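# Examination of the molecular architecture
Each chain, written out:
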Amino acid sequence: MNKCTILVVEDDPSIKNLMVTTLKTHDYNYLLAGNGRTALMEAASHNPDIVLLDLGLPDMDGMEVIKNIRSWSTMPIIVVSARSEDSDKIRALDAGADDYLTKPFSVEEMLARLRVTQRRLNSVNTDIVQFSVFENGALKIDYAAGCAYLEGAELHLTPIEYKLLCILSKNLGRVLTHTFITENVWGHSWENDVASLRVFMATLRKKLEAKPGSPQYIQTHVGVGYRMLRVE
Ligand code: CA
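Residues numbered from 1 in each chain as written. Predicted model: local features only at pLDDT ≥ 70, side-chain atom pairs only at ≥ 80, totals over all residues. Heavy atoms only, no water.

## Side note on the sheet that holds strand β10 (residues 176-177)
The strand order across the open sheet built from 3 strands is β10-β12-β11, with neighbouring strands paired in antiparallel fashion. The open sheet has two edge strands with one neighbour each: β10 and β11 (218-221). One ladder, built from 2 bridges, connects β10 with strand β12 (residues 225-228); its direction is antiparallel. When the sheet's bridge partners are listed, Leu176 is paired in β12 with Tyr226. (Pairing = 2+ DSSP bridges. Helix = DSSP H or I, 4+ residues; strand = E, 2+ residues; numbered from the N terminus.)

## With respect to the sheet that holds strand β1 (residues 5-9)
Spatially, β2-β1-β3-β4-β5 is the arrangement adopted by the 5 strands of the open sheet, whose pairing is parallel. Both edges of this open sheet fall to β2 (29-33) and β5 (99-102), since each of them pairs with a single strand only. Ignoring which end each strand starts from, the neighbouring axes of this sheet average 20° apart. Pairing of strand β4 (residues 77-81) with β5 involves 4 bridges; the strand directions are parallel. Among the inter-strand pairings, Ser81 is bridged to a residue of β5, identified as Thr102. (Axes fitted to C-alpha atoms, helices over the stretch in contact; angles between N-to-C directions.)

## Some thoughts on the coordination of the calcium ion
In the first shell of the calcium ion, the protein supplies Asp11 (OD), Asp54 (OD) and Gly56 (O), at 2.2 to 2.3 Å from the metal. Residue Asp11 is classed as partly exposed on the basis of its relative accessible area of 36%. In this structure Gly56 comes out as partly exposed when scored by relative accessible area, which is 36%. (Donors = N, O, S within 2.8 Å, 3.2 Å for Na, K, Ca; no water. Buried < 20%, exposed > 50% of the residue type's maximum accessible area, 1.4 Å probe, protein only.)

## Some points on the packing of helix α7 (residues 178-186) against helix α8 (residues 191-208)
Where α7 meets α8, the axes come as close as 10 Å, and the angle between the chain directions of the two elements is 85°. Of the possible angle classes, the one that applies to α7 and α8 is roughly perpendicular. Here α7 contributes His178, Ile181, Thr182 and Trp186 to the contact with α8, which in turn contributes Asp193, Val194, Ser196, Leu197 and Phe200. Classifying every residue of the contact of α7 with α8 gives 5 nonpolar, 3 polar and 1 charged. (Parallel < 35°, antiparallel > 145°, perpendicular 65-115°, else oblique. Contact = heavy atoms within 4.5 Å. Nonpolar A, V, L, I, M, F, W, Y, C, P; charged D, E, K, R; others polar.)

## Let's talk about the nonpolar core
Core analysis: the largest hydrophobic core is formed by 27 residues, its most contacted members being Leu139, Ile141, Leu165, Met201, Leu208 and Ile218. Counting residues per element, the ones that place at least two in this core are β7 (139-142), β8 (147-150), α6 (159-170), α7, α8 and β12. Looking at which element gives the most residues to this core, the answer is α6, with 6 residues. In terms of nonpolar packing, the next biggest core, distinct from the first, is built from 25 residues, Val9, Met63, Val65 and Val175 among them. (Core = buried A, V, L, I, M, F, W, Y, C linked by side-chain atoms within 4.5 Å.)

## Notes on the pattern of salt bridges
If you walk through the whole model with that rule in mind, you get 9 salt bridges. One salt bridge connects Arg70 with Asp98, and the closest N-O pair in it is separated by 2.9 Å. Taken together, the residues Arg70 in helix α3 (residues 62-70) and Asp98 in the loop between α4 (86-94) and β5 connect sequence positions 28 residues apart. Across the pair Arg174 and Asp98 runs a salt bridge, and its minimum N-O distance is 3.5 Å. On the criterion of sequence distance, the pair formed by Arg174 in the loop between α6 and β10 and Asp98 in the loop between α4 and β5 is long-range, its members being 76 residues apart. Neither Arg174 nor Asp98 differs from the other in exposure class; each is buried. (Salt bridge = Lys/Arg side-chain N within 4 Å of Asp/Glu carboxyl O.)

By themselves, these observations are geometric and do not establish any function.
Pasting the structure below:
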């Protein structure tokens with residue numbers, strides 16, 4: 001049973017119908033909004049678990065909807081964008097969106113994004129906020145002690161690798177942009193920081209992942225950023 005409520009913000013009838021049919025079939029509750037104003041009203045009055053937000057709305061830019069919701073709520077927002085430009089996804093993620101889907105997308109893709117977000121919601125409610133120890137699969141991070149372990153053995157991380165691991169784990173399930181990560185690790189985001197980030201991410205993965213070529217913990221979003229996934 002899937003009692004999660006999804007707010008679908010979409011003005012294109014065929015995409016809206018596809019989303020609604022998929023949600024119904026998979027036992028999600030849903031709310032509908034065809035423009036930004038209605039979306040904000042529905043979000044405020046019904047407090048949905050997840051928002052699926054089209055960026056191209058008839059009355060306002062979807063970016064405004066993200067900024068408005070983020071001023072009072074951390075509810076997960078998955079941006080649905082017709083624009084294939086990375087810059088739009090990046091702007092949306094930096095404004096506080098959690099994830100993105102690019103049109104055209106398959107039903108399986110949409111369901112996968114919802115599942116990742118739901119898993120994050122469940123873990124936010126348990127281990128991340130309340131405890132200073134983070135656990136994900138065989139990975140354990142003791143934030144207070146400043147140590148990380150894999151299958152019980154301490155990982156020998158450089159300070160930057162450890163910072164990267166902390167930022168990703170504290171935002172489990174969220175796609176973090178290069179800018180977000182570099183600003184948090186180095187305090188600024190310059191052109192060559194992204195190149196450095198790639199190098200540190202590669203060394204971190206060598207220590208963390210059984211197969212760095214097909215990573216289990218840290219997912220790459222080419223041209224956008226990285227995300228830590230919940231590992232069962
Ligand atoms: Ca649209």
